[in-house]
Amino acid sequence: MSYIRYHDAPFLPRNFIAVGDAMMNTNPIFGQGCGKALIGAIVLDSTLRATATESFESKDIGENYFETHKEKLDEEWNGTKSIDYDFSTTIPASGETLATEAANAKLSDLVLQLCAEVDDAKVDATLWYIRSFLAPTTDVLSPIILAKIFVVWLKRVLGIGRIANIANAARHSRTF
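Residues numbered from 1 in each chain as written. Predicted model: local features only at pLDDT ≥ 70, side-chain atom pairs only at ≥ 80, totals over all residues. Heavy atoms only, no water.

- An unreviewed UniProt entry annotates the protein as FAD-binding domain-containing protein of Schizopora paradoxa.

Pasting the structure below:
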């Protein structure tokens, strides 16, 4: 993974714009490349529309674009990093360890288990909005979703539920 923080650059050409993977590469398993490019196009459109009544020569379009785009990129970076950090083969970012994201990785794992365990349109929609960059990752921390995550965690601890049954079946199939 790499995240080029253009919004922190001390100098960029006024008309420089980067979109999609040119700004951030995440694990391709998430399939978010097109989403990043589309969000970049939307941010660029809004930046240009806000500048349309002013002189383009007097405005720093690139700086405005990157500052506006920063929030979406930070959400994506933090949202996918925790899942990657759950694998021992991941090389952590400078100054971090795999343990840095351990709590977030555990929460991500439980959210994915919740989706597999429970047929809940609200949970599915919330995750779809988050993964589509249309909602912040903190939406998963709503009290209702947290309560459902707790139930899934409790079932995992007690060894009951669909995921526990699949795990037990897989464990038994390896012993034959």
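Picking up after the structure, the text goes on.
## Looking at the overall build of the protein
So, point 1. Scanning the protein from terminus to terminus reveals six helices and two strands.
So, point 2. Secondary structure elements of the protein, listed N to C terminal, follow the sequence β-β-α-α-α-α-α-α.
So, point 3. Counting only residues that meet the buried cut, the protein has 30% of its 176 residues in that class.
So, point 4. The long-range fraction of contacts in the protein, counting pairs at least 24 apart against all pairs at least 6 apart in sequence, stands at 59%.
So, point 5. For the protein, the accessible surface area stands at approximately 10900 Å², while carbon and sulfur atoms represent 61% of it. (Helix = DSSP H or I, 4+ residues; strand = E, 2+ residues; numbered from the N terminus. Buried < 20%, exposed > 50% of the residue type's maximum accessible area, 1.4 Å probe, protein only. Contact = heavy atoms within 4.5 Å. Areas by Shrake-Rupley, 256 points an atom, 1.4 Å probe, with all protein chains shown as cover.)

## Some thoughts on the packing of helix α1 (residues 33-51) against helix α2 (residues 61-84)
So, point 1. Where α1 meets α2, the closest approach of the two axes is 9 Å, and the angle between their N-to-C directions is 145 degrees. Crossing angle aside, the handedness with which α1 passes α2 is right-handed. Across from Lys36, Ile39, Gly40, Val43, Leu44, Thr47, Leu48 and Thr51 in α1, the residues of α2 making contact are Ile61, Asn64, Tyr65, Thr68, His69, Lys72 and Glu76.
So, point 2. Considered class by class, the residues forming the contact of α1 with α2 number six nonpolar, six polar and three charged. (Axes fitted to C-alpha atoms, helices over the stretch in contact; angles between N-to-C directions. Left-handed = near helix turned anticlockwise from the far one by under 90°. Nonpolar A, V, L, I, M, F, W, Y, C, P; charged D, E, K, R; others polar.)

## Some points on the packing of aromatic side chains
So, point 1. In total, this model carries six aromatic pairs according to the counting rule given.
So, point 2. Centre to centre, the rings of phenylalanine 16 and phenylalanine 66 are 5.9 Å apart; their planes meet at 35 degrees, and the pair counts as tilted. Residue phenylalanine 16 is found in the loop between β1 (2-3) and β2 (24-25), and its partner phenylalanine 66 is found in helix α2; the two are separated by 50 residues along the sequence.
So, point 3. Judged by its relative accessible area of 28%, phenylalanine 16 falls in the partly exposed class.
So, point 4. Residue phenylalanine 66 is classed as buried on the basis of its relative accessible area, which comes to 2%.
So, point 5. Judged by centre distance (5.1 Å) and plane angle (80 degrees), the rings of tryptophan 128 and tyrosine 129 are edge-to-face.
So, point 6. Taken together, Tyr6, Phe16, Tyr65 and Phe66 form an aromatic cluster joined through their ring pairs. (Phe/Tyr/Trp six-rings, centres within 6.5 Å; stacked < 30°, edge-to-face > 60°.)

## What about a nonpolar patch on the surface?
So, point 1. On the surface, a nonpolar cluster with roughly 650 Å² of combined accessible area is contributed by Phe150, Val151, Trp153, Leu154, Val157, Leu158 and Ile160.
So, point 2. If you trace the backbone, phenylalanine 150 turns up in helix α5 (residues 143-158).
So, point 3. The exposure class assigned to phenylalanine 150 is partly exposed, which follows from its relative accessible area of 47%. (Patch = residues over 30% accessible without salt bridge, like charges linked within 9 Å, V, L, I, M, F, W, Y side chains within 5 Å. Salt bridge = Lys/Arg side-chain N within 4 Å of Asp/Glu carboxyl O.)

## Here we look at the pattern of salt bridges
So, point 1. A complete count under the given rule lists seven salt bridges for this structure.
So, point 2. For the salt bridge of aspartate 21 with lysine 36, the shortest nitrogen-to-oxygen distance reads 2.5 Å. Taken as a pair, aspartate 21 in the loop between β1 and β2 and lysine 36 in helix α1 lie far apart in primary sequence, 15 residues in all.
So, point 3. Judged by relative accessible area, which is 46%, aspartate 21 ranks as partly exposed.
So, point 4. Measuring nitrogen to oxygen at the nearest pair gives 2.8 Å for the salt bridge that ties lysine 70 to aspartate 74. Residue lysine 70 and its partner aspartate 74 are both found in helix α2; the two are separated by four residues, about one turn of the helix.
So, point 5. Residue classification places lysine 70 among the partly exposed positions, given a relative accessible area of 26%.
So, point 6. Here the residues in one salt-bridge network are Lys81, Glu96 and Glu101, joined through shared partners.

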